[in-house]
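Tertiary structure, described
The residues making up each chain are set out below.
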Amino acid sequence: MNTHDQTPSGLRGPAIFLAQFMSDEAPFDSLANIARWAASQGYKAIQVPTLGTRYIDLARAAESQDYCDELMATCAAAGVEISELSTHLQGQLVAVHPAFDALFDDFAPGHLRGQPQARTEWAIEQLKLAARASERLGLKAHATFSGALLWPYMYPWPQRPSGLVEQGFAELARRWRPILDCFDAAGVDLCYEIHPGEDLHDGASFERFLEAVEHHPRAAILYDPSHLLLQQMDYLGFIDRYHARIRMFHVKDAEFRPDARSGVYGGYQGWVDRPGRFRSLGDGQIDFKAIFSKLTQYGFDGWAVLEWECCLKDSQQGAAEGAAFIQRHMITRTAKAFDDFAGVTADEASNRRLLGLPPMPMT
């Protein structure tokens, strides 16, 4: 059980997701080294991937408060804290269509490859371990993918059989409901990154899932505007519609420049040649001033986490620029109205006079 102080509320940052920086080479080879590196770049927190044991032993963290205290002390000594844990790859394995078995087998331990049912059971247990580890670390949100049973049927040709989509989401909910209950017991929100390739890839699919899990209070969204832009969605309106369920935030840029040859689907081209491309912060088209404003407006309570992905710029340059970019966009919410200086006395009698109403009768 976590005994640590809760983090302050409101939008915090900058933080950085470590998945794209993992390496056998220093400073990316251990938690202590990468934490010091992140702090040197200007980051205040790190979002930690949990596949393997390079940065965290998930099973040990789920069972040992002493081990979790050691992890937090290592980060504190480096000058950062842990913002959230991530089980993106394990979450992917909770639901895998057979068409993708061979590709996704690489995410599983070697002894489970070629065994889809055992791989799914392992992935579900990984998520449950992550819930308990997050609780011990004093975290309140967790990042994952939903996996996908329906993605091969995303475009309705040939026509999808009646009931296929409903059955797919019912099965997805059956697998995720016990995991969500485990996160609820831990007091941690389970945040699905809305992402093409996952059954939860846009607002409509998230709503289907939410209905299938009976609007579970821990079923939440990791908001990453880059994946919405590349689908040509209204990524600002998405915040207006789903802000109550948005409990994590990846700060990632993208651009979409369709031409006569290719559009949203990309024509099987590599990332450099696709009309839709991920870019380093500030190099794409996303309006982050508006995003940070909307998240502040709705009282978003969480970290602004850089996820570096770019088809052109080097990762270390992107990381070095990213901390300052996020810091420039951080908003300290005002505690008073800008026109308070012109305020007048307010009481019921004064308001009645201003409206031209007679005084209230004496009782």
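Residues numbered from 1 in each chain as written. Predicted model: local features only at pLDDT ≥ 70, side-chain atom pairs only at ≥ 80, totals over all residues. Heavy atoms only, no water.

1. Re the sheet that holds strand 6 (residues 219-223)
Definition in use: DSSP calls a pair of strands paired once it identifies at least 2 bridges connecting them. The helix and strand labels rest on DSSP assignments: H or I over at least four residues marks a helix, E over at least two residues marks a strand, and numbering proceeds from the N terminus. Axes, fitted as lines to C-alpha atoms, cover a helix only where it is in contact. Angles between the N-to-C directions of the axes lie from 0 to 180 degrees. Contacts are assigned to residue pairs with any non-hydrogen atoms lying within 4.5 Å of each other.
With parallel pairing, the eight strands of this closed barrel are ordered in space as 1-2-3-4-5-6-7-10. Along the sheet, successive strands turn relative to each other by an average axial angle of 35°, direction set aside. Here four bridges tie strand 5 (residues 189-193) to strand 6, and the two strands are oriented parallel to one another. Bridge pairing in strand 6 links Cys-191 to Ala-220. Contacts between helix 10 (residues 235-242) and the sheet are confined to strand 6 and strand 7 (246-251), with strand 6 contributing the most and set at about 155° to the helix.

2. Observations concerning the packing of aromatic side chains
Which entries qualify depends on this criterion: Note on aromatic pairs: the rings of Phe, Tyr and Trp (six-membered ring only in Trp) are paired at centre separations within 6.5 Å, and the planes decide the class, stacked below 30 degrees, edge-to-face beyond 60, tilted for the rest. Exposure categories follow from relative accessible area, calculated using a 1.4 Å probe and restricted to protein chains: below 20% of the type maximum is buried, above 50% is exposed, and the middle band is partly exposed. Both a distance and an angle decide whether a charge sits over a ring: NZ of Lys or CZ of Arg must be within 6 Å of the ring centre and within 35 degrees of the ring normal.
A complete count under the given rule lists 17 aromatic pairs for this structure. Plain terms: the ring middles of Phe-28 and Trp-37 are 5.0 Å apart, the flat faces sit at 75° to each other, and that makes the pair edge-to-face. With respect to class, Phe-28 is no different from Trp-37; both count as buried. With centroids separated by 6.4 Å and ring planes inclined at 90°, the aromatic side chains of Phe-249 and Phe-300 adopt a geometry described as edge-to-face. In this pair, Phe-249 is assigned in strand 7 and Phe-300 in the loop between helix 11 (288-297) and strand 10 (302-306), connecting sequence segments 51 residues apart. Across the pair, exposure class does not vary: Phe-249 and Phe-300 are buried alike. Ring-pair connections join several aromatic residues into one group, and the members of that group are Phe-206, Tyr-223, Phe-238, Tyr-242, Phe-249, Phe-292 and Phe-300. For Lys-252, the ring lying beneath its charged end belongs to Phe-278, and the centroid distance is 3.9 Å. Between the NZ or CZ atom of Arg-274 and the centre of the ring of Trp-271, over which it lies, the distance is 5.1 Å.

3. Let's talk about the nonpolar core
The condition that has to hold: Put simply, a nonpolar core is a bunch of buried Ala, Val, Leu, Ile, Met, Phe, Trp, Tyr and Cys residues held in one set by side-chain atoms that sit within 4.5 Å of each other.
Ile-16, Ile-46, Tyr-223 and Phe-249 are the most contacted members of the largest nonpolar core, which has 96 residues in total. The leading source of residues in this core is helix 7 (residues 164-186), at ten residues. Beyond its immediate sequence surroundings of up to four residues, Ile-46 is in contact with Ile-16, Leu-18, Leu-31, Ala-35, Ala-38, Cys-75, Val-80, Glu-81, Ile-82, Ser-83 and Glu-84. Counting six residues, the second-largest nonpolar core is a separate cluster that includes Ala-141, Ala-143, Cys-191 and Leu-222.

4. A short note on the pattern of salt bridges
Side-chain pairs of opposite charge can arise where the charged atoms are in close proximity. Applicable threshold: In what follows, salt bridge is the name for a side-chain nitrogen of Lys or Arg lying within 4 Å of a carboxyl oxygen of Asp or Glu.
Counted according to the given criterion, the structure contains 24 salt bridges. For Arg-247, the salt bridge identified is with Asp-189, shortest N-O distance 3.1 Å. Taken as a pair, Arg-247 in strand 7 and Asp-189 in strand 5 lie far apart in primary sequence, 58 residues in all. What makes Arg-247 partly exposed here is its relative accessible area of 21%. What makes Asp-189 buried here is its relative accessible area of 13%.

5. Description of the packing of helix 1 (residues 31-40) against helix 3 (residues 65-78)
For clarity, the threshold we go by: The crossing is said to be left-handed when, going from far helix to near helix, the turn is anticlockwise and less than a right angle, and right-handed when the turn is clockwise. Three classes are used, and their members are as follows: Ala, Val, Leu, Ile, Met, Phe, Trp, Tyr, Cys and Pro are nonpolar, Asp, Glu, Lys and Arg are charged, and the others, Gly among them, are polar.
The N-to-C vectors of helix 1 and helix 3 enclose an angle of 35°; their axes lie 8 Å apart at closest approach. Helix 3 is crossed by helix 1, and the crossing has right-handed handedness. Where helix 1 approaches helix 3, its residues Leu-31, Ala-32, Ala-35, Arg-36 and Ala-39 are matched on the opposing element by Leu-71, Thr-74, Cys-75 and Ala-78. Its residues assigned to classes, the contact of helix 1 with helix 3 comprises seven nonpolar, one polar and one charged.

6. Digging into the packing of helix 11 against helix 12 (residues 315-329)
This is how it is decided: Angle categories are assigned with fixed cut-offs, so that under 35 degrees is roughly parallel, over 145 is roughly antiparallel, 65 to 115 is roughly perpendicular, and the rest are oblique.
Direction vectors running N to C along helix 11 and helix 12 enclose 55°, while the axes themselves pass 9 Å from each other. Between helix 11 and helix 12, the angle falls in the class oblique. Handedness of the helix 11/helix 12 crossing: right-handed. Contacts between helix 11 and helix 12 involve Phe-288, Lys-289 and Phe-292 from the former and Phe-325, Ile-326 and His-329 from the latter. Of the residues in the contact of helix 11 with helix 12, the class split is four nonpolar, one polar and one charged.

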